[in-house]
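Architecture at a glance
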Amino acid sequence: MSIQKIAHLAGVSVATVSRVLNNSDSVKDSNREKVLQAIANSNYQPNLLARQLRTARSSMILVMVSDIANPFCAEVVKGIEEQAEQNHYRILLCNSASDVARSRSSLQLLAGKIVDGVITMDAFSTLPELAPLIGARPWVQCAEYADDGAVSCVGINDVAAAQQLVGYLADGGRQRIALINHDLDYKYAQLRQQGYQQALAERQLSWQAIGYASALRFHAGKTAMLALLAEKQRPDAVFAVSDTLAAGAIAAITGAGLRVPEDIAVAGFDGTELAEMVSPPLTTLAQPSREMGRQACALLLKRINDPDSPAERIMMPWQLITRASA
């Protein structure tokens with residue numbers, strides 16, 4: 001099926017069909033609907049390579065995540081993909097594993113114009129040695145972002161969110177609140193630890209203990225929790241910086257013959273489905289993960305269409321969800 005045939009079926013010009021395919025704003029809604037209906041009825045597939053040659057665009061977006069197995073990352077990617085598809089874009093996913101070489105290799109797709117822009121959720125994408133591969137090209141940070149305001153980003157106030165969650169544990173009578181954190185190369189890990197410490201200081205709670213998990217995985221959370229249980233004085237509450245780490249903490253606590261929350265309360269972060277699946281169900285700080293992805297993609301498409309547009313910073317709301325674990 002050719003573009004000429006689509007124009008004939010829709011009763012519009014070839015130029016109008018072309019503008020619809022390229023998502024131009026200069027098409028009447030009625031004509032756009034006719035073209036889209038004709039495309040749907042004919043199963044028309046545009047020649048993406050030909051379009052790239054005409055427009056100097058690939059209609060592809062690179063999405064860089066540190067670990068797609070992380071349920072939070074997976075939800076953000078779903079939101080990015082939904083927004084991209086609505087705007088006739090597709091995504092390429094890079095699971096970087098926080099590896100500089102892998103990040104560099106993926107960013108070369110941007111430098112080579114294989115993709116039109118990039119959304120990063122990866123701590124290493126902000127390293128100076130990778131900056132030349134990004135340059136002034138369209139780029140948005142999501143969840144993991146720099147503070148200088150030079151790059152468009154979407155996230156939440158991690159400090160305030162962590163403060164609220166730790167404050168909730170403290171206000172419930174917990175005196176020895178531990179933190180299970182991840183790699184401090186990540187900005188979110190730094191900020192959530194800052195919020196944890198500020199909440200303790202505000203309530204004049206001097207006891208603190210921090211365990212660092214090797215990855216945002218169940219078994220890493222379990223290992224970190226076992227180390228905290230081995231201390232001379234065990235915590236009576238634990239705040240983990242992700243739901244997966246918190247699930248591992250619950251397994252370690254119950255495996256040691258202790259009760260959640262009677263002996264040790266547990267709270268997570270992210271608000272993933274996992275929080276509802278563990279036993280007892282997990283108190284968590286929920287991020288609007290899918291909407292964060294949609295907003296990040298919308299910002300990127302704006303930068304692609306208007307490279308001179310200023311950087312924007314979108315801070316999303318969060319929600320404390322209390323359940324039986326704390």
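Treat the numbers as computed from the prediction; the structure is a model and nothing was measured.

In this section: the pairing of strand S9 (residues 265–270). Most of S9 is tucked away: 6 of the 6 residues are buried. Pairing of strand S8 (residues 237–240) with S9 involves 3 bridges; the strand directions are parallel. Across the sheet, residue Phe-239 finds its bridge partner in S9, namely Ala-267. Handedness of the S8-helix H11 (residues 243–255)-S9 crossover: right-handed. Across 4 bridges, S9 lies against strand S10 (residues 283–286) in parallel orientation. The residue bridging Phe-269 from the neighbouring strand is Leu-285, located in S10.

To characterise two packed helices, one gives the angle between the axes of the helices and the distance between these axes. Running from amino to carboxyl end, helix H1 (residues 3–10) crosses helix H2 (residues 14–21) at an angle of 105°, the nearest separation of the two axes being 8 Å. Overall, the two elements H1 and H2 adopt an arrangement that is roughly perpendicular. Contacts between H1 and H2 involve Ile-3, Gln-4, Ile-6 and Ala-7 from the former and Val-14, Val-17, Ser-18 and Leu-21 from the latter. Residues belonging to the contact of H1 with H2 are distributed by class as follows: 6 nonpolar, 2 polar and no charged.

Another point: the nonpolar core. Formed by 76 residues in total, the largest nonpolar core has its most connected members in Ile-61, Ile-119, Ile-180, Met-225 and Phe-239. Sequence-distant contacts of Phe-239, defined by excluding residues within four places in its chain, comprise Ala-162, Leu-165, Val-166, Leu-169, Ala-178, Leu-179, Ile-180, Arg-192, Tyr-196, Ala-267, Gly-268 and Phe-269. Ile-6, Val-20, Val-27 and Ala-38 belong to the second-largest nonpolar core, a separate cluster that totals 12 residues.

By way of backbone hydrogen bonds, the strands of a sheet pair with one another, either parallel or antiparallel. The 6 strands are arranged S2-S1-S3-S4-S5-S11 in an open sheet whose pairing can be described as parallel. Of all the strands in the sheet, the pair left with one neighbour each is strand S2 (90–95) and strand S11 (313–315). Strand-to-strand twist in this sheet, taken as the mean axis angle between neighbours without regard to direction, amounts to 15°. The pairing of strand S5 (residues 152–155) with S11 spans 3 bridges and is classified as parallel. Residue pairing for S11: Val-154 is matched across the bridge by Ile-314. Against the sheet, helix H5 (residues 71–86) engages strand S1 (60–65), S2, strand S3 (117–121) and strand S4 (139–142), with an angle of about 160° to S2. Along the sheet, helix H13 (residues 289–305) contacts S1, S3, S4, S5 and S11; its crossing angle with S5, the most-contacted strand, is approximately 170°.

What follows deals with the sheet that holds S9. Pairing is mixed in the open sheet, where 6 strands are placed in the order S7-S6-S8-S9-S10-S12. Looking at strand neighbours, the two that pair on one side only are strand S7 (209–212) and strand S12 (319–321), the edges of this open sheet. Put simply, the sheet's adjacent strands are angled 20° from each other on average, direction ignored. The strands that helix H9 (residues 187–202) touches are strand S6 (177–181), S7, S8 and S9; relative to S6, the one it contacts most, it runs at about 175°. Lying over the sheet, helix H10 (residues 218–229) contacts S6, S7 and S8, oriented at roughly 145° with respect to S6.

Another aspect to go through is the pattern of salt bridges. Scanning all chains against the criterion turns up 10 salt bridges. In this structure, Glu-75 and Arg-290 form a salt bridge, with 3.1 Å as the shortest nitrogen-oxygen distance. A residue pair is termed long-range when its members are at least 10 positions apart, and Glu-75 in helix H5 and Arg-290 in helix H13 qualify at 215 residues. Assessed through its relative accessible area of 31%, Arg-290 is described here as partly exposed. In this structure, the salt-bridge partner of Asp-158 is Arg-192, at a minimum N-O distance of 2.8 Å. Taken together, the positions of Asp-158 in helix H8 (residues 158–171) and Arg-192 in helix H9 put the pair 34 residues apart, joining distant regions of the chain. We note that Asp-158, like Arg-192, is buried.

Basis of the calculations
Residues numbered from 1 in each chain as written. Predicted model: local features only at pLDDT ≥ 70, side-chain atom pairs only at ≥ 80, totals over all residues. Heavy atoms only, no water. Buried < 20%, exposed > 50% of the residue type's maximum accessible area, 1.4 Å probe, protein only. Helix = DSSP H or I, 4+ residues; strand = E, 2+ residues; numbered from the N terminus. Pairing = 2+ DSSP bridges. Right-handed = clockwise from strand over helix to strand, strands pointing away. Axes fitted to C-alpha atoms, helices over the stretch in contact; angles between N-to-C directions. Parallel < 35°, antiparallel > 145°, perpendicular 65-115°, else oblique. Contact = heavy atoms within 4.5 Å. Nonpolar A, V, L, I, M, F, W, Y, C, P; charged D, E, K, R; others polar. Core = buried A, V, L, I, M, F, W, Y, C linked by side-chain atoms within 4.5 Å. Salt bridge = Lys/Arg side-chain N within 4 Å of Asp/Glu carboxyl O.

Any functional reading would require information beyond the geometric quantities listed.
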